[in-house]
Amino acid sequence: MDDMRLRFHWSLSAVGDTMRRGKAQTTMSGAFDLDTHAAFCREAERCGIDSLLMAFGFTRPDPFTWSAALGSRTEKINFLTAIRSGVCSPTLFVQQVNTLSVITGGRVYINIVAGRAPGEHAYYGDFLSHDERYERTDEFWRICHALWRGDGPVDFTGRHYRVEGARINTPFLSADRDRPRIYLGGNSEQAIQLAVRHADCLLTFPDAPKVLAERIRPVLDSGTKVGLLVSMIAKPTRDEALDAAAELIAKAGDTARDVHRNVRGGTDSVGFRSMYQMADNDSAWVTRYLWTGAVPYLGAPAISLVGSADDMVEAIFEYRDAGVTEFLFTGFPDLEQMRFFAAEVLPRVRERERESASSPTG
Amino acid sequence: MATNSRMRFHWSLPPVAATNRLRGVNSGPVPDQAANLQGQLEFCRRADTLGIDSMLLPIGYQRPDPVTLAGVFGAATENLRFMVAARSGVVSPTYFVQQINTVSALTNGRVSVNAVLGHSSAELRYYGDFLDHDERYRRTDEFWTICDALWRRDFPVDFAGDYLRVEGATINNQFVSPERSSPEVYFSGSSEQATRITLAHGDSLLCIAEPPDELAKRVQPALDGGVEISIVCTQLSRPTRDEAVRAAYDIAREAAERSKNARQHFRRDKVESEGFQRAYELSERDSLWTTPYLWSGLVPYMGPPTVAMVGGPDEIVDAIFEYHEVGVSQFLFQGRPDLDTLIFFGEEILPRIRRREDASATSNGPPTASSAGKDGGHG
């Protein structure tokens, strides 16, 4: 039954640097403060958060090394460590993941992203198009899964990867799994196919629950779970939340808006594009809770659930009814928002889950 | 000034429980990974307190990933640095620099790199690397050309080679260190190609130990080019030379019993590297003792890095200074058993080396004065 409960994750992407997404990428700090991050991790453990996202990109430290350092300073929290196919050998990747599992006692999930900005991929020597990247990512995961299954030396010859006799001696170390939980970020048709084939959960941007339900049906039908990547602007009352949302974009200001005009021009991600398009609509309110107002300033991940604690619970269950069982949140700032979520929202969610589980129709 | 000219001593992290003196004969998966990691961490802490300069974290399919380990071990130590082994064919150079910079931020710059070419094509194919030895050198050169540019922060970095290409490369996290803007880089190898690539991109050439006079000739071009010479070998040190020799023969006998086919196995797999080739040749000479302290009796069973410096503290100190005379300034050791040897070196041998260095630094006499300053010298 525990497995049926909703899972809540939080993003470390902007911890300690709330308005990070409003800055030009070349001016974002590449130096994170380990103590600040470690304190956030321990707070997340107290808050009942399942995992913390360590994002991948040229503006940041290496998510693996960073997760390992945080893992040795924490006890319960899982690390949702992001990787792109195309930056390392799948064999080395599995070796890194398994090493991280040994360091953390299995507290590692993987967020595989196909990437969204071809310009940045070229920094890493990756010159493939959107569709080719998905094809390569498919090959990448076939090799990874074969290594995790551990059924002898792995031979594979594809269009993008070739390995021969591959094996590694460091296993995935965990009490209950022989490979990490795999999250796949994406919104396109290819992302859905890939998630169905290789992932435990598709991480996707929100839409109105009904629209989303339609889009994710093939994923759910295949037994793969669906998680929402969404920001949270929750306050004691809905009016306070609306004020906070307005303040957020005022604070981000015109500079941030210019930054994201550029980001928008450089992305080939279906998800990012659709978030920007959604934000072009006359109304910034997709539903009573779902607000695109911050997207032009802080990017696609700033699509937000806005409201009171009760509103959040309502929104979360609307999405649960549409088939969503996991949520990956960002807040402004994260620490304050995560504490509010843990104190005011999460207990109500758990209570309602218990009620519906014990009801005859549950 | 004396401190800067001091020799530096590195140690190689043992793969398994550090008390097994036969490790390396038959390598298989480690039974308890978590306990082993803890054991390795303790080993690093011990090296840290004993004044070892850096710990090599080797790379290979038998091992955990060295970059991931470096940050974790780094957090548990104060002064010990971590020499992360790296292959050029398994990771984007941009991502690699990002990883090393992350380790530098976690350790305040206590990270260096051991660039290895890979000595087994079969193993490299596990990782998707199908190039031959010479092609790997050319790719390695491209790899480090990109890395160097990223460390100079010559952004954006554009490079198009035969094997690697990046465009507009930028990374925001910097190499963090009180002294340097990039890590020290050690290139492993003994061929002319290795020397060339070290001169182009490295700080030190890391060679497998061979007799000093033979080594001297080989490394002269590297010394002339201004890079340091480091040697890698096993140290079989005991309180007296007799005990050390007896221990060496015991280990060889037990190793022989354990792995009858080891010689053929190693020869078949690993003959591509010139340094390895030469180590095997040493082990096939009429005498396994190529100098009074350099013994190649373990090489057939445990591989080339087990060319061994054998002796009591005095012989080991003399041997180290013999290498120093021909231009070697850094030593990378492993021991059998690992932990006991590390402690014995740190407590009994290293202090003698430092005293002798200090003595020769304060004497302004002719070169022969240095040998007069050595501890208790009998040859």
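Residues numbered from 1 in each chain as written. Chains lettered and ligands numbered in written order. Predicted model: local features only at pLDDT ≥ 70, side-chain atom pairs only at ≥ 80, totals over all residues.

### Quick word on the overall build of chain A
If you tally the helices and strands in chain A, you get 12 helices and 12 strands. Against the globule reference of 21 Å for 362 residues, chain A gives a C-alpha radius of gyration of 20 Å, in line with a compact fold. In terms of overall dimensions, chain A has C-alpha extents of about 60 × 50 × 40 Å along its principal axes. Here chain A holds 362 residues, and the buried ones make up 52% of them. Here the contacts in chain A between residues at least 6 apart in sequence split such that 73% fall between residues at least 24 apart. (Helix = DSSP H or I, 4+ residues; strand = E, 2+ residues; numbered from the N terminus. Rg over C-alpha atoms; globule rule 2.2 N^0.38 Å. Buried ≥ 20, exposed ≤ 12 C-beta atoms within 10 Å, placed from the backbone. Contact = placed C-beta atoms within 7 Å.)

### So, the overall build of chain B
Scanning chain B from terminus to terminus reveals 14 helices and 12 strands. Looking at chain B as a whole, 50% of its 379 residues are labelled buried. The contacts in chain B between residues at least 6 apart in sequence include a share of 73% that link residues at least 24 apart.

### Description of the interface of chain A and chain B
With 46 residues of chain A at the interface, the matching set in chain B holds 44 residues. Within the residue set of the side of chain A that touches chain B, elements represented by two or more residues are α2 (63-71), α3 (90-104), α4 (118-123) and β6 (162-166) of chain A. Class assignment for the residues of the side of chain A that touches chain B results in 24 nonpolar, 17 polar and 5 charged. (Nonpolar A, V, L, I, M, F, W, Y, C, P; charged D, E, K, R; others polar.)

### Description of the pairing of strand β7 (residues 185-188) of chain B
Residues and elements named next belong to chain B. Residues Val185 and Phe187 line one face of β7 and the alternating positions Tyr186 and Ser188 line the opposite face, and both faces are buried. Of the pairings in the sheet, the one linking strand β4 (residues 111-116) to β7 comprises 3 bridges and is parallel in character. Directly across from Asn114, in β7, lies its bridge partner Tyr186. Relative to strand β8 (residues 204-208), β7 runs parallel, the two sharing 3 bridges. By the bridge assignment, Tyr186 is partnered in β8 with Ser204. Traced from β7 through helix α6 (residues 192-201) to β8, the parallel crossover comes out right-handed. (Pairing = 2+ DSSP bridges. Right-handed = clockwise from strand over helix to strand, strands pointing away.)

### Considering the packing of helix α12 (residues 313-325) of chain B against helix α13 (residues 338-362) of chain B
Residues and elements named next belong to chain B. Axis separation between α12 and α13 bottoms out at 9 Å; the angle between their running directions is 50 degrees. Between α12 and α13, the angle falls in the class oblique. Judged by the sense of rotation from one axis to the other, the crossing of α12 with α13 is right-handed. Of the residues in α13, those touching α12 at Pro313, Ile316, Val317, Ile320 and Phe321 are Glu348, Ile349, Arg352, Ile353 and Arg356. Here the contact of α12 with α13 is composed, by residue class, of 7 nonpolar, no polar and 3 charged. (Axes fitted to C-alpha atoms, helices over the stretch in contact; angles between N-to-C directions. Parallel < 35°, antiparallel > 145°, perpendicular 65-115°, else oblique. Left-handed = near helix turned anticlockwise from the far one by under 90°.)

### Re unusual backbone geometry
All names here are of chain B. Here the bond from Phe155 into Pro156 is cis, since omega is -10 degrees, no more than 30 degrees from zero. Structurally, the position occupied by Pro156 is in the loop between α5 (133-152) and β5 (157-160). For Asn108, which is not a glycine, the phi torsion comes out positive at approximately 55 degrees. Among the structural elements, Asn108 can be located in the loop between α3 (93-107) and β4. For Arg153, which is not glycine, the phi torsion reads 60 degrees and is therefore positive. Tracing the sequence through the fold places Arg153 in the loop between α5 and β5.

### What about the confidence of the model for chain B?
Residues at a pLDDT of 70 or more form 88% of chain B, whose mean pLDDT is 88. In the model, residues 365-379 of chain B has pLDDT below 50 throughout and makes 17 contacts with residues more than four positions away in sequence or in other chains. (pLDDT = per-residue confidence, 0-100.)

### Description of the packing of α5 of chain B against α6 of chain B
Residue and element names in this part refer to chain B. Between α5 and α6, the shortest axis-to-axis distance is 10 Å and the interhelical angle comes to 10 degrees. One way to sum up the angle between α5 and α6 is to call them roughly parallel. Only Gln193, Ile197, Ala200 and His201 of α6 make contact with α5, whose side of the interface consists of Tyr137, Thr140, Asp141, Trp144 and Asp148. Taken together, the residues of the contact of α5 with α6 sort by class into 4 nonpolar, 3 polar and 2 charged.

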